[in-house]
Amino acid sequence: MPVKPVLVFACGNLSRGDDALGPLMLEAIERQQEQQAQPLELLCDFQLQIEHALDLQQRVLVLFIDACVAGASPFGFTELSPAKDNSYTTHAMSPAAVLAVYQTITKQAPPPCFLLTIKGETFGLGEKLSPAAEQNLAAAAGFVNGLLVDLTTSAWRKLIITSA
Amino acid sequence: MYEHLETAANRDQLKRVVVDPVSRVEGHGKVTLLLDEHNKVQQARLHIVEFRGFERFIQGRPYWELPVLVQRLCGICPVSHHLAAAKAIDQLVGVDPANLPVSADKLRRLLHFGQVLQSHALHFFHLSSPDLLFGFESDIGKRSIIAVLADYPDIGLQGVKLRKYGQEVIRMVSGKRVHGTGAIAGGMNKALDKAERDYLLADIDQMIAWGVASVALIQKVHCANLPYYDQFATLRTNYLGLTKPDGGLELYHGGLRAKNAEGGTILDHFDYCRYNDIIHEEVRSWTYMKFPYLLALGQENGWYRVGPLARVNNCDYIDTPLAEAARVTFKAHANEAMVHSTLAFHWARLIELLHCAESIKVLLHDPDIMGTELLAQGEKRHEGIGVIEAPRGTLFHHYQIDENDIVTKANLIVSTTSNNMAMNESVRQVAAEYLSGRELTEPLLNNLEVAIRAYDPCLSCATHAVGKMPLQLELLDAEGRLIDKLVKHSDGQIGRV
């Protein structure tokens, strides 16, 4: 099966409160996809792992979406670089660490990768999305609509949010 | 044993060292050490800091939702929960294991082998190989899969691709990478077609070859470091797990077998639906996690280990030839009936990885695997119990439903809970043997984590959100005043506060 050039990869657990932010954003993109065919592949998993480096192969642009706990802004948008951080030491890797795995195993620079983080507050099992996270999701959805208008690296770089 | 270190007599006069959370394990764990004025360990405990709330999460839901719902309990072993729940709800619709359609049974086994293979690959190559290849007290910058990929590129890449293959087995059988609905009450909801079967067959010989190489690697590492590897955090314990009716290794369905430290049989071919008759769970005030034990042996002597070491120890044989040959070598190295080395968990885990790869090949060549009769029906019951051997050990799911099919009671014993006492014992042993009287450093503390990591615990199935998992090390004096603090942030940066 041919690989679609743009990958959107969301992480999270629908049953752990605001950890659902990533999958819920992906669902919103999926609904939008049904109405306008775009060259996007949508993937979701509980967390990032080493094998996800292989999902980056043959892509021209990648967007990771995840909940975050840091910062005051409803959402953040940054470009990623490979980083040999110590997120390897847990069952869940950071997006930057996945890029580093890609670079190490392919001996090539990864495709341009960006990270959309959406601020969450509570992550308990069985919890619903918090009211603050609902608002942050709505705000981030508006931003993502803008991202999807122009699926190019140069356009996304202009939208980078430099401070949280 | 080191039970005297569970609770110190003079806790108020001791310094406290906290490692929070233990890295390279799922979720949050915390090791606390109380030291006296000579840096001698007086108390060592492994804490579980997040209450799981699994039962509360499940109660009140219709039973047919469970195979999907319970996958969200754990981001690392969702398929294990999926299959244990499916086995339990089979009983709720009146279908016993013997009545499950042959193709459904084999598809579930294929799914399970894929899950165990990818989980074991993750644990060995990603989480443990940095310690095993570079040394427990090596520079922290060395202890990562990136360093393994750089220094041992072939080994690192095998780990990535074995993991990927296991995930592909899951995707082909259940239709999705995650949240799949492969198993349903009474069978499976999706057949495997020829294209999917052939896709998986294309790479299986390579996976078996890598499995063989993995076993050779761990055997070499283990035996090159004898007697250290046979002594580090080692415990002489009881072992519990499922076996086939004839005593063979079994991961999906069988009877419960327990053996003692000498290899003597405590129980065998025991119907897991009566697990409540033989296993009780003790509660201790200082941790949310329970301490299961075999009732016949009592709280003090009845605790046991589960998982790869228990399974390979307990079984009489493995029904795939390469893994069986590896098992024979494994058992022979210890020169006694049971292998007790905690670090031998790694060796046993890779024997099982090889067994999974071999078994996947056998199933893919079995015509039944593409069968389309996938559902059985029976008379409704109000109670169902499903037990499987998850990657980390025996996993129990027990449900009761009402007339409206709503779950009124749920009880889960997860593998990590069964290993709770053993992990605490290993922590106490390492603390007493390796840390007492020495200045605390990150490599030394990693020895504690190495002991815990060998069990591959899934402590809380916590979220992974960016920034959620800092590592904190605090040193407090006898009055509880903070005198030093190291923080390991989620990006791996370590700073002194």
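Conventions and cut-offs
- Every chain begins its residue count from 1, and numbering advances along the sequence as written.
- Lettering of chains starts at A and numbering of ligands starts at 1, both following the order in which they are written.
- Per-residue local features are limited, in this predicted model, to residues with pLDDT of at least 70; the limit for side-chain atom pairs, both in listing and counting, is 80 or more; totals at the level of whole chains, interfaces and linings are taken over all residues.
- For helices the rule is a DSSP run of H or I covering at least 4 residues; for strands it is a run of E covering at least 2, with both sets numbered from the N terminus onward.
- Exposed residues have 12 or fewer other C-beta atoms within 10 Å of their own C-beta, buried residues have 20 or more, and residues in between are partly exposed; the C-beta atoms are placed from the backbone.
- C-beta atoms are placed from the backbone for every residue, and two residues are taken to be in contact when these atoms lie within 7 Å.
- To get the radius of gyration, use the C-alpha atoms; to get the globule rule, take the number of residues to the power 0.38 and multiply by 2.2 Å.
- Paired strands are those between which DSSP finds at least two bridges.
- Interaxial angles span 0 to 180 degrees and are taken between N-to-C directions of axes, which are lines fitted to C-alpha atoms, for helices over the stretch in contact.
- Note on terminology: a nonpolar core is any set of buried Ala, Val, Leu, Ile, Met, Phe, Trp, Tyr and Cys residues joined through C-beta atoms within 7 Å.
- Reported domain spans reflect what an automatic or database domain assignment gives.
- Side-chain classes are defined by residue name, with Ala, Val, Leu, Ile, Met, Phe, Trp, Tyr, Cys and Pro counting as nonpolar, Asp, Glu, Lys and Arg as charged, and the others, Gly among them, as polar.
- pLDDT: the predictor's confidence for each residue, scored from 0 to 100.

*Asks:* How would you summarise the overall build of chain B if you had to cite specific residues and measurements?
*Replies:* Counting its secondary structure elements, chain B contains 15 helices and 17 strands. When each of the 497 residues of chain B is scored for burial, the buried share is 54%. A separation of at least 24 residues holds for 70% of the contacts in chain B among residues at least 6 apart in sequence.

*Asks:* So, the overall build of chain A: which residues are in play, and what are the values?
*Replies:* A tally of helices and strands in chain A yields four helices and five strands. When the helices and strands of chain A are read in sequence order from the N terminus, they spell out β-α-β-β-β-α-β-α-α. What you see for chain A is a C-alpha radius of gyration of 15 Å, in line with the 15 Å of a compact globule of 164 residues. Seen along its three principal axes, the alpha-carbon backbone of chain A occupies a region of about 45 × 40 × 35 Å. The contacts of chain A with a sequence gap of at least 6 include a subset with a gap of at least 24, amounting to 72%.

*Asks:* Can you tell me about the sheet that holds strand S5 (residues 113-119) of chain A, naming the residues and giving the values?
*Replies:* All names here are of chain A. Across the sheet, five strands lie side by side as S2-S1-S3-S5-S4; this open sheet has mixed pairing. The open sheet has two edge strands, strand S2 (40-45) and strand S4 (75-79), and neither has a second partner. The mean inter-strand angle of the sheet, taken between neighbouring strand axes irrespective of direction, is 15 degrees. Pairing geometry for strand S1 (residues 6-11) and strand S3 (residues 61-68), over five bridges, is parallel. The residue of S3 that forms the bridge with alanine 10 is isoleucine 65. Lying over the sheet, helix H3 (residues 131-149) contacts S4 and S5, oriented at roughly 155 degrees with respect to S5.

*Asks:* Describe the nonpolar core, with residues and values.
*Replies:* One finds Met25 and Val101 of chain A together with Ile351 and Val427 of chain B to be the most contacted residues of the largest nonpolar core, which totals 182 residues. When residues of this core are assigned to their parent elements, the largest contribution, 13 residues, is made by helix H12 (residues 344-364) of chain B. Not counting residues up to four positions away in its chain, the partners in contact with methionine 25 of chain A are Ala10, Ile65, Ile118, Leu137, Ala140, Ala141 and Val144 of chain A.

*Asks:* Quick one: what's the story with the domain arrangement of chain B, residue by residue and with numbers?
*Replies:* Residue and element names in this part refer to chain B. Each domain of chain B was delimited in the assignment, giving domain 1 (3-49 + 419-496), domain 2 (54-236 + 316-415) and domain 3 (237-315). Residue assignment for the side of domain 1 that touches domain 3 shows that the elements contributing at least two residues are strand S3 (41-48) and helix H14 (420-435). Looking at side-chain class alone, the side of domain 1 that touches domain 3 contains four nonpolar, three polar and one charged residues.

*Asks:* Could you give an account of the environment of leucine 354 of chain B, naming the residues involved and the relevant values?
*Replies:* All names here are of chain B. Structurally, leucine 354 can be placed in helix H12. The exposure class of leucine 354 is buried, given the 28 C-beta atoms found within 10 Å. Separated by 33 residues in the primary sequence, leucine 354 and proline 321 place their C-alpha atoms 9.9 Å from one another. Ignoring sequence-local partners within four residues, the contact set of leucine 354 consists of Gly211, Val212, Val215, Leu322, Ala323 and Ala326.

*Asks:* Could you give me a rundown of the sheet that holds strand S13 (residues 393-401) of chain B, with the residues and numbers involved?
*Replies:* Residues and elements named next belong to chain B. What the three strands build is an open sheet, ordered S12-S13-S14; its pairing is antiparallel. The sheet is open, and its two edges are formed by strand S12 (383-390) and strand S14 (407-413), each paired on a single side. In this sheet, neighbouring strand axes are inclined to one another by 10 degrees on average, regardless of whether the strands run parallel or antiparallel. Packing against the sheet, helix H3 (residues 78-92) makes contact with S12 and S13, and its axis sits at approximately 150 degrees to S12.

*Asks:* Before we move on, could you go through the confidence of the model for chain A and cite the residues and values that matter?
*Replies:* Residue-level pLDDT values for chain A average 89, and 94% of them are 70 or greater. Mean pLDDT values over the elements of chain A span from 91, in helix H1 (residues 21-35) of chain A, up to 97, in helix H4 (residues 153-157) of chain A.

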